[in-house]
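# Coordinate inspection notes
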Amino acid sequence: GILTNAGSEPEERVLEAALRPKNLDDFVGQARVRQQLSLVLEASKIRERTADHVLLSGPPGLGKTTLSMIIAAEMNAPLRISSGPAIQHAGDLAAILSSLTEGEVLFLDEIHRMSRPAEEMLYMAMEDFRVDIIVGKGAGATAIPLELPPFTLVGATTRAGLLPGPLRDRFGFTGHLEFYSTEELELVLRRSAMMLSLKVNSAAFSEIASRSRGTPRIANRLLRRVRDWALVNRLENIDARAASAALDMYEVDARGLDRLDRSVLHALCTKFGGGPVGLSTLAIAVGEETETVETVAEPYLVREGLLGRTPRGRIATAAAWDHLGLRMPAEAVF
Ligand code: ADP
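Residues numbered from 1 in each chain as written. Predicted model: local features only at pLDDT ≥ 70, side-chain atom pairs only at ≥ 80, totals over all residues. Heavy atoms only, no water.

## A closer look at the overall build of the protein chain
As a reminder of what qualifies: Only DSSP runs of H or I covering at least 4 residues are called helices, and only runs of E covering at least 2 are called strands; the numbering of each starts at the N terminus. Only protein chains enter the accessibility calculation, which uses a 1.4 Å probe; a residue is then buried when its area is under 20% of its type maximum, exposed when over 50%, and partly exposed in between. Contacts between residues were defined by any pair of non-hydrogen atoms, one from each residue, lying within 4.5 Å. Per-residue and other accessible areas were derived by the Shrake-Rupley procedure at a 1.4 Å probe size, with only the shown protein chains allowed to occlude residues. Positive charges come from Lys and Arg, negative ones from Asp and Glu, while His and the chain ends are left out of the count. Every charge is mapped onto a representative atom, which is NZ of Lys, CZ of Arg, CG of Asp or CD of Glu.
Within the protein chain, the regular secondary structure consists of 15 helices and eleven strands. Across the 334 residues that make up the protein chain, the buried fraction comes to 47%. Long-range pairs, those at least 24 residues apart, make up 71% of the contacts in the protein chain between residues at least 6 apart in sequence. In the structure as shown, the protein chain presents an accessible area of about 16100 Å², 53% of it carried by carbon and sulfur atoms. The positive charge centre, built from 38 side chains, and the negative charge centre, built from 43, are 3 Å apart in the protein chain.

## Here we look at the side chain of Glu 298
Along the chain, Glu 298 falls in helix H14 (residues 290-303). Apart from the residues within four sequence positions on either side, Glu 298 is in contact with Leu 279, Val 293, Leu 307, Arg 309 and Arg 314.

## Focus on the pattern of salt bridges
To keep it simple, the criterion reads: Salt bridge, as applied in this entry: a Lys or Arg side-chain nitrogen positioned within 4 Å of an Asp or Glu carboxyl oxygen.
Taken as a whole and assessed by the stated rule, the structure comprises 21 salt bridges. The shortest N-O distance in the salt bridge between Arg 227 and Asp 228 comes to 3.1 Å. The class for Arg 227 is buried, based on a relative accessible area of 17%.

## Here's the deal with the packing of aromatic side chains
The line we're drawing: Aromatic pairs are defined between Phe, Tyr and Trp rings, using the six-membered ring for Trp, whenever the two ring centres lie within 6.5 Å; interplanar angles under 30 degrees are classed as stacked, those over 60 as edge-to-face, and all others as tilted.
Here the structure, examined in full by the defined rule, presents two aromatic pairs. Each ring, one from Phe 179 and one from Tyr 300, has its centre 5.3 Å from the other, and the planes form 75 degrees; the classification is edge-to-face. On the criterion of sequence distance, the pair formed by Phe 179 in the loop between strand S7 (173-176) and helix H8 (182-195) and Tyr 300 in helix H14 is long-range, its members being 121 residues apart. What makes Phe 179 buried here is its relative accessible area of 14%.

## Side note on helix H12 (residues 259-270)
Since the α-helix advances by 3.6 residues per turn, residues separated by three or four positions end up pointing in the same direction. To keep it simple, the criterion reads: By this rule, a helix spans an expected 1.5 Å times one less than how many residues it contains.
Compared with the 16 Å implied by 1.5 Å per residue over twelve residues, the 16 Å span of H12 between its first and last C-alpha is a close match. For H12, the full list of buried residues reads Leu 260, Asp 261, Val 264, Leu 265, Ala 267, Leu 268 and Cys 269. Looking at the buried side of H12, the elements it contacts are helix H13 (279-286), H14, strand S10 (307-310), strand S11 (313-316) and helix H15 (318-324).

## Brief notes about empty space enclosed by the protein
We apply this condition: Buried and open spaces are told apart on a 1 Å grid over the protein atoms alone, a cavity being a set of points where a 1.4 Å probe fits but cannot get out and a pocket being an open set with protein on both sides within 12 Å along at least five of seven lines. Residues with an atom within 4 Å of a point are the lining residues. Grid points are joined across faces, edges and corners, and a volume is the space filled by probe spheres set on the points. In this classification, Asp, Glu, Lys and Arg are treated as charged, Ala, Val, Leu, Ile, Met, Phe, Trp, Tyr, Cys and Pro as nonpolar, and every other residue, Gly included, as polar.
Counted according to the given criterion, the structure contains two cavities of 30 Å³ or more. Taken as a whole, the largest cavity spans an internal volume of roughly 350 Å³. In this structure, the largest cavity is lined by 21 residues; those nearest its centre are Gly 61, Gly 63, Thr 66, Pro 216 and Arg 217. Secondary-structure elements contributing two or more residues to the lining of the largest cavity are helix H4 (64-74), H8 and helix H10 (216-232). The residue makeup of the lining of the largest cavity, split by class, is eight nonpolar, seven polar and six charged.

Here is the structure:
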């Protein structure tokens, strides 16, 4: 997710890349998606055909980019990476598509943010492996058809519901990634700690995992922050106390909520009396885009039982008031 990479250091990105699992067996959790995907890939290998187009949906940091790399590796195919926001004109997409080689995997992150004309070009490319290149303008414009080699599109989106139906329908397989359990995040962390040669005990792993917001990217990031803390404090073995002391410094609370999560809840409780309030009004109150609140903060808050969606808007649950240390007004009881 490009949304969430903002502000990370180059060194961080190098480390993030190094920690990516390289094959399906090393990919922790998501058992169902993994199984289904492995079937799709196996079948296309037997049929000696390019794999069907794959749509991956789910909140940022759950492994969509990683899975696209794994798909390419499993298919022994090169991988091209681009994203919806980078494709503003149909011509941008035409340039990418016309340079694909046979069997290549094209990963389009945030595919729901592509421009309309590019999207329409993509329909034809996905279905018929063909695009019409428009040459000239106005009445003199002509469409020159261009054959494309068969390729596999892997689209990623933070919410499949944001995609227009015709685009969604052109994917042969859709996998929805769920938040990871604490146990699964511990596995991710163990693997990362080994690769970074860190000595971390079980209690510390579980402390970091439970604060990672169900998200492997966050787990790895917190592990690096704990590593920094241990380094500065000349601590060789990381235990739970060290982990929690380190994490307290980084504004992740005991439930894994980050600053955006907390400000959404806080606004909901203090500015709107706990709701119900419309999503866009709530987004304005925290100074964020509606889409960010909806796809980044909200899914985790809902999963944690802190925020509820009702037909009349978003509401804070009793657990949310409790978590913020605020008193729930009597009339807000639903
Ligand atoms: P997304 O594309 O969904 O935003 P990424 O694929 O970039 O997420 O994953 C972010 C980081 O989290 C990667 O660097 C990778 O190391 C780690 N990661 C994600 N999913 C897993 C997983 N299932 N097992 C191990 N590590 C994972």
